[in-house]
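Residue strings, one per chain:
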Amino acid sequence: MRQIAVFDTTLRDGEQSPGVNLNLEEKLEIAQQLERLGVDVIEAGFPAASPGDLESTKAVAHALKNTSVAGLARANHKDIDAAWEALKDGVKPRLHLFLATSPIHREHKLQMSQDQVIEKAVDCVKYASRYFKDIEFSAEDAGRTELPFLRDVFTAVIEAGAKVVNVPDTVGYMTPEEYGNVFRYLKENVPNIDQAVLSAHCHDDLGMAVANSLAAVQNGADQVEGTINGIGERAGNAALEEIAVALQIRKDFYEAQTTLTLEQLARTSKVVSSLTDFEVPRNKAVVGANAFAHEAGIHQDGMLKERTTYEIISPQMVGYDATQLVLGKHSGRHALKERLEFLGYSVSEEHLKEVFKKFKGLADKKKQVLDEDIIALLRESTRSQDQDQYALEYIHVSYMNSIATATIKLQTPEGVSVEEAAIGSGSVEAIYNTIERMVSMNIHLLDYKIRSLSKGRDALAEVQVTVSYEGMTGTGKGVDHDVLGASTKAFVDSINRLRKMSKPKQFMEDKEEEETTHCVLDSFN
Ligand code: KIV
Ligand code: ZN
């Protein structure tokens with residue numbers, strides 16, 4: 001069996017998904033779960049992008065004990081310095097350096113000749129070698145790059161010290177056969193390829209990211225890059241859980257394996273989905289809610305006789321708990337802690353106390369407290385631990401003849417209680433008009449979703465909103481027994497999150513190096 005390294009970029013390429021804004025604690029939570037899953041490399045961020053990105057990459061590098069942590073850098077010395085600053089305390093720091101190579105990027109974005117691209121790439125690899133032992137070089141838009149030029153770029157950067165050469169299909173344009181051929185060509189034509197690892201990095205614009213990654217493995221890739229749940233810019237990145245399970249189930253065909261602990265996949269998917277507010281489609285391969293559901297009578301009959309008639313992946317293999325453990329009002333703090341740990345959350349004693357208080361409150365109103373409920377309580381209490389934010393004190397709504405009136409009391413970040421009222425043609429509109437007036441921000445509601453967290457009339461309601469304010473887009477979530485309570489909390493949460501964002505996510509202050517600034521705006525994906 002060949003061993004395939006897994007490079008996870010959920011916290012970098014995945015975080016580029018519109019509407020995803022993870023704070024430092026959330027990034028740490030995901031990184032720790034990825035370490036449990038056993039990925040080889042975690043790309044924690046793009047340190048030169050903002051002080052916040054540098055700080056969170058540093059925190060992840062510091063927190064992880066076994067996993068290599070990578071940081072992205074454009075091909076300039078300042079970015080490399082920032083990456084070193086963020087990663088130097090990690091156990092195995094890796095620099096992920098990228099420069100575009102395709103004719104379309106060279107001509108329109110970089111305005112550089114082939115020779116200039118090679119010169120810049122080599123200069124940066126050499127500069128980075130002062131700090132980093134482990135350098136990965138990505139030829140951005142490699143999929144649309146002339147093969148002989150790609151061969152020359154890789155030969156030169158390996159010669160300069162790169163240990164991994166990555167072939168991004170940045171725009172998700174390739175077919176599996178074409179992408180596989182690129183790897184075969186590189187294996188056969190880059191003279192020093194035995195001194196580096198070849199890596200695949202696929203985007204899903206044509207729905208072929210996973211198939212392309214597997215074709216790369218067949219043709220010589222020893223590292224695959226992707227994200228959990230396939231999140232990422234536009235249509236997303238290759239879903240790592242799908243690649244890992246495909247390699248396991250079809251080991252007869254691929255003769256390759258990863259070191260992932262597959263039983264951690266369901267939990268990792270849940271943690272990522274819950275913290276990014278990115279719902280996993282029900283029919284998603286490997287981790288979707290329907291992935292193991294059999295509806296048709298013929299299938300059910302077959303399953304009862306012999307599971308393998310219609311099931312190629314067992315739910316247990318990817319960590320689906322066959323028996324959902326239910327907590328209730330008699331469950332103690334220890335049971336709650338154990339369940340949280342099972343779900344992938346490690347909480348301090350102090351935090352547990354707070355979550356347990358909320359859990360008891362919920363168990364008084366709801367007979368069975370399910371995993372979804374517990375995760376929602378945990379999230380809510382994590383968010384409310386932050387002092388510097390608006391907190392809801394109470395809400396009163398009345399509705400008559402198509403006019404709703406909301407009266408709301410909020411505590412401001414400065415600790416002052418303020419009260420306000422406004423009307424709207426519906427209850428939610430009245431609530432949002434009131435809050436908008438209180439925070440003096442002109443907020444656009446882009447999306448509003450409501451769902452029941454579990455079954456039954458006593459289920460909790462979860463509201464998720466997407467809002468925009470002065471060019472920034474953010475999401476907010478609220479959970480409550482009452483749908484209006486959940487709607488209010490979600491809106492307040494989105495405002496708290498917007499306040500933490502100092503500037504639009506893709507805005508760069510780096511004005512010095514024009515062409516590299518474009519890299520971020522155009523193709524930071
Ligand atoms: O898709 C891409 O080209 C990237 C690079 C930064 C590696 O994400
Ligand atoms: Zn990418």
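Refer to the preceding data block for the structure.
All values derive from a computational prediction rather than experimental measurement.

1. Examining the overall build of the protein
Here is step 1: When helices and strands are tallied, the protein shows 18 helices and 16 strands.
Here is step 2: A globule of 525 residues ought to have a C-alpha radius of gyration of about 24 Å, and the protein, at 25 Å, matches this closely.
Here is step 3: By principal-axis analysis of the C-alpha atoms, the protein measures approximately 75 × 65 × 45 Å.
Here is step 4: Within the structure as shown, the protein displays about 22900 Å² of accessible surface, and the carbon and sulfur contribution to it stands at 51%.
Here is step 5: Of note, the protein has its 58 positive side-chain charges centred 5 Å away from the centre of its 80 negative side-chain charges.

2. Points about the sheet that holds strand β9 (residues 223-226)
Note: strands within a sheet are paired through backbone hydrogen bonds, in either parallel or antiparallel orientation.
Here is step 1: Spatially, β2-β3-β4-β5-β6-β7-β8-β9 is the arrangement adopted by the eight strands of the closed barrel, whose pairing is parallel. Pairwise comparison of adjacent strand axes, ignoring direction, gives a mean angle of 25° for this sheet.
Here is step 2: Both strand β6 (residues 134-140) and strand β7 (residues 164-169) contribute to a ladder of three bridges, which runs parallel. Paired with Phe137 across the two strands is Val165, which belongs to β7.
Here is step 3: Sheet strands touched by helix α2 (residues 51-63): β3 (41-45) and β4 (68-74). Its angle to β3, the strand with the most contacts, is close to 150°.
Here is step 4: Helix-sheet contacts for helix α3 (residues 77-87) involve β4 and β5 (93-100), and the interaxial angle to β4 is about 160°.

3. Concerning the pattern of salt bridges
Here is step 1: Within this structure, the stated rule accounts for 33 salt bridges.
Here is step 2: For Glu26, the salt bridge identified is with Arg379, shortest N-O distance 3.6 Å. Of the two residues, Glu26 sits in helix α1 (residues 24-37) while Arg379 sits in helix α15 (residues 371-384), which places them 353 residues apart along the sequence. Across the pair, Arg379 and Glu26 agree in class, each one buried.
Here is step 3: Note that Lys58 and Glu85 form a salt bridge whose closest N and O atoms lie 2.7 Å from each other.

4. With respect to the layout of surface pockets
Here is step 1: What the largest pocket holds in volume is close to 1500 Å³.
Here is step 2: For the largest pocket, the lining is made up of 46 residues, of which Lys270, Ala289, Tyr320, Glu372 and Arg451 are closest to its centre.
Here is step 3: Of all elements in the fold, only α11 (265-276), α13 (333-342), α15, β15 (461-469) and β16 (472-480) reach the threshold of two or more residues within the lining of the largest pocket.
Here is step 4: No other element matches α15, which puts seven residues into the lining of the largest pocket.
Here is step 5: Its residues assigned to classes, the lining of the largest pocket shows 17 nonpolar, 12 polar and 17 charged.

5. Focus: the packing of helix α14 (residues 349-365) against α15
Here is step 1: Remark: α14 packs on α15, axes separated minimally by 9 Å, with the N-to-C direction vectors making an angle of 130°. Classified by the angle their axes make, α14 and α15 are oblique. For the element pair α14 and α15, the recorded crossing hand is right-handed. Of the residues in α15, those touching α14 at His351, Glu354, Val355, Lys358, Phe359 and Leu362 are Asp373, Leu377, Leu378, Glu380, Ser381, Thr382 and Ser384.

6. Considering helix α6 (residues 147-160)
Given 3.6 residues per helical turn, the α-helix brings residues three or four places apart onto the same face.
Here is step 1: The end-to-end C-alpha distance of α6 is 20 Å, a good match for the 20 Å that 14 residues give at a rise of 1.5 Å each.
Here is step 2: Turning to α6, the residues buried within the fold contact α4 (103-110), α5 (114-129), β6, β7 and α7 (176-189).
Here is step 3: Backbone geometry just after α6 places Gly161 at a positive phi near 130°.

7. Details of the packing of aromatic side chains
Here is step 1: Taken as a whole, this structure holds eight aromatic pairs when the rule is applied.
Here is step 2: Here the aromatic rings of Tyr127 and Tyr131 are separated by 6.0 Å at their centres, their planes lie at 90°, and the arrangement is edge-to-face.
Here is step 3: A relative accessible area of 26% means that Tyr131 is categorised as partly exposed.
Here is step 4: On the basis of an interplanar angle of 85° and a centroid distance of 6.4 Å, the ring pair of Tyr131 and Phe132 is categorised as edge-to-face.
Here is step 5: For Phe132, a relative accessible area of 4% gives the class buried.
Here is step 6: In this structure an aromatic cluster arises from ring pairing among Trp84, Tyr127, Tyr131 and Phe132.

8. Notes on the packing of helix α16 (residues 427-439) against helix α17 (residues 483-500)
Here is step 1: Axis separation between α16 and α17 bottoms out at 10 Å; the angle between their running directions is 30°. Considering the angle they form, α16 stands roughly parallel to α17. Considering only the axes of α16 and α17, their crossing is right-handed. Contacts between α16 and α17 pair Ser427, Val428, Ile431, Tyr432, Ile435, Glu436 and Val439 from the former with Leu484, Ser487, Thr488, Phe491, Val492 and Ile495 from the latter.

Conventions we followed
- Residues numbered from 1 in each chain as written.
- Chains lettered and ligands numbered in written order.
- Predicted model: local features only at pLDDT ≥ 70, side-chain atom pairs only at ≥ 80, totals over all residues.
- Heavy atoms only, no water.
- Helix = DSSP H or I, 4+ residues; strand = E, 2+ residues; numbered from the N terminus.
- Rg over C-alpha atoms; globule rule 2.2 N^0.38 Å.
- Areas by Shrake-Rupley, 256 points an atom, 1.4 Å probe, with all protein chains shown as cover.
- Lys, Arg positive; Asp, Glu negative; His and termini not counted.
- Charge placed at Lys NZ, Arg CZ, Asp CG, Glu CD.
- Pairing = 2+ DSSP bridges.
- Axes fitted to C-alpha atoms, helices over the stretch in contact; angles between N-to-C directions.
- Contact = heavy atoms within 4.5 Å.
- Salt bridge = Lys/Arg side-chain N within 4 Å of Asp/Glu carboxyl O.
- Buried < 20%, exposed > 50% of the residue type's maximum accessible area, 1.4 Å probe, protein only.
- 1 Å grid on protein atoms, 1.4 Å probe; cavity = no way out; pocket = protein on both sides within 12 Å on 5 of 7 lines; lining within 4 Å.
- Points joined across faces, edges and corners; volume = space filled by probe spheres on them.
- Nonpolar A, V, L, I, M, F, W, Y, C, P; charged D, E, K, R; others polar.
- Parallel < 35°, antiparallel > 145°, perpendicular 65-115°, else oblique.
- Left-handed = near helix turned anticlockwise from the far one by under 90°.
- Expected span 1.5 Å × (residues − 1).
- Phe/Tyr/Trp six-rings, centres within 6.5 Å; stacked < 30°, edge-to-face > 60°.

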